[in-house]
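Spelled out, the chains give:
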Amino acid sequence: MTEKNHGNMLTKTPVVCLLALFCCFLWGSAFPGIKIGYRLMRISSEDTASQIFYAGLRFTLAGILVILAGSVSERKLLIPKRKTIPKILLLAAFQTYGQYLFFYIGLAHAPGVRASILEGVSSFVAILVAACVFRMEKLTGRKIIGCLLGFAGVVIISLAGGAASAGFSFNGEGFILISTVMYALSSAMIKLFSKNEDPVLLSGWQFLAGGLALALSGMAAGGRTGAFTGQGTLLLLYLAFLSAAAYTIWGILLKYNPVSKVTIFGFANPVFGALLSAALLGEGSFLNGRSVAALALVCAGIAVVNAPKNSRI
């Protein structure tokens, strides 16, 4: 199959839907996976340095997996050209280092269900960034309404649990929101850079660069992990795999489709994340009326953004 035919196949809505939802399922499983990983590696919620070090291990492994898989597929070692290195480092700074520095710390200080719902706002932030910052798409009234619905869901989940101080913390939910901005910027960068670059190469090397930076930062601050048990090692490998698979597929989809067509499927992140967190972490109590309302608003925003152009919305 030629690259043109390959690209045409990846623009078909059913294909985009299936692949994007698969990515979102993998990402959704990361919410409980990370928190379980903290327990298995004996990393406390207050041990920021060890959380960063753990993230660095995960993404360094993810980078190695992507580079190896891409090299086998291309039958040659994926080595970036000199002109590509600045793009890789910029992506690494936002997509891996910046996004997950805030995400890992935030997740340690926020319930998995609530964190997964907050991450759902990344779809809307990505649309705003693509339209207003990079000028890749037009910001229509329908998209604005969808974004407002999504942010309304964030407000509801942030205030859940009574007082604002009890329902929202800057180093918890606040950091997770910052990570969504990093994600939005990196999504637009991937779309921009992949016009002339291999998205698999970009994904693998930015993971490796960002992962090493996280690991070194964590180590410099005194970060470490407990003993590598069989369960802990397998979970770390799974977290590396899900990142390698999901971000590579996501990057390929962004290469051939508008940013909004791909990132809007991020609604599945909070859905999968909330359900898996409730099932695996025993956080069912957070699936209350406010959480359900927040999920409904996020999904409603997705529906509005995806409404047919001739609709009256």
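Scroll up a little and you will see the structure.
Residues numbered from 1 in each chain as written. Predicted model: local features only at pLDDT ≥ 70, side-chain atom pairs only at ≥ 80, totals over all residues. Heavy atoms only, no water.

*Asks:* In this structure, what is going on with the packing of helix 2 (residues 13-40) against helix 4 (residues 85-108)? I would like to understand it.
*Replies:* Packed helices, taken two at a time, are described by their axes: the angle between them and the distance between them. Interhelical geometry of helix 2 versus helix 4 gives an angle of 65° and a closest axis separation of 10 Å. Considering the relative orientation of helix 2 and helix 4, their crossing is right-handed. Across from Trp-27, Phe-31, Ile-34, Lys-35 and Tyr-38 in helix 2, the residues of helix 4 making contact are Tyr-100, Phe-103, Tyr-104, Leu-107 and Ala-108. Of the residues belonging to the contact of helix 2 with helix 4, the class tally is nine nonpolar, no polar and one charged. (Axes fitted to C-alpha atoms, helices over the stretch in contact; angles between N-to-C directions. Helix = DSSP H or I, 4+ residues; strand = E, 2+ residues; numbered from the N terminus. Left-handed = near helix turned anticlockwise from the far one by under 90°. Contact = heavy atoms within 4.5 Å. Nonpolar A, V, L, I, M, F, W, Y, C, P; charged D, E, K, R; others polar.)

*Asks:* What exactly am I supposed to notice about helix 3 (residues 48-74) here?
*Replies:* Given 3.6 residues per helical turn, the α-helix brings residues three or four places apart onto the same face. The end-to-end C-alpha distance of helix 3, which contains 27 residues, comes to 39 Å, matching closely the 39 Å that a straight helix rising 1.5 Å per residue would cover. Arg-75 sits one or two residues past helix 3 and shows a positive phi near 60°. (Expected span 1.5 Å × (residues − 1).)

*Asks:* Mind showing me how you'd approach the environment of Leu-280 here?
*Replies:* Relative to the assigned elements, Leu-280 resides in helix 13 (residues 268-281). For the pair Leu-280 and Lys-35, spaced 245 residues apart in sequence, the C-alpha to C-alpha distance is 10.0 Å. Beyond its immediate sequence surroundings of up to four residues, Leu-280 is in contact with Pro-32 and Ile-36.

*Asks:* Explanation requested: the pattern of salt bridges in the structure shown.
*Replies:* When the charged atoms of two side chains with opposite charge come close together, those side chains can pair. Applying the stated rule across the entire model yields two salt bridges. The shortest N-O distance in the salt bridge between Lys-83 and Glu-197 comes to 3.2 Å. Of this pair, Lys-83 sits in the loop between helix 3 and helix 4 while Glu-197 sits in the loop between helix 9 (170-193) and helix 10 (199-220), placing them 114 residues apart in sequence. Between Lys-87 and Glu-197 there is a salt bridge, and its shortest N-O distance comes to 3.2 Å. Separated by 110 residues along the polypeptide, Lys-87 in helix 4 and Glu-197 in the loop between helix 9 and helix 10 bring together distant segments of the chain. Here Lys-87 falls in the partly exposed class, since its relative accessible area comes to 23%. The class for Glu-197 is buried, based on a relative accessible area of 9%. (Salt bridge = Lys/Arg side-chain N within 4 Å of Asp/Glu carboxyl O. Buried < 20%, exposed > 50% of the residue type's maximum accessible area, 1.4 Å probe, protein only.)

By themselves, these observations are geometric and do not establish any function.
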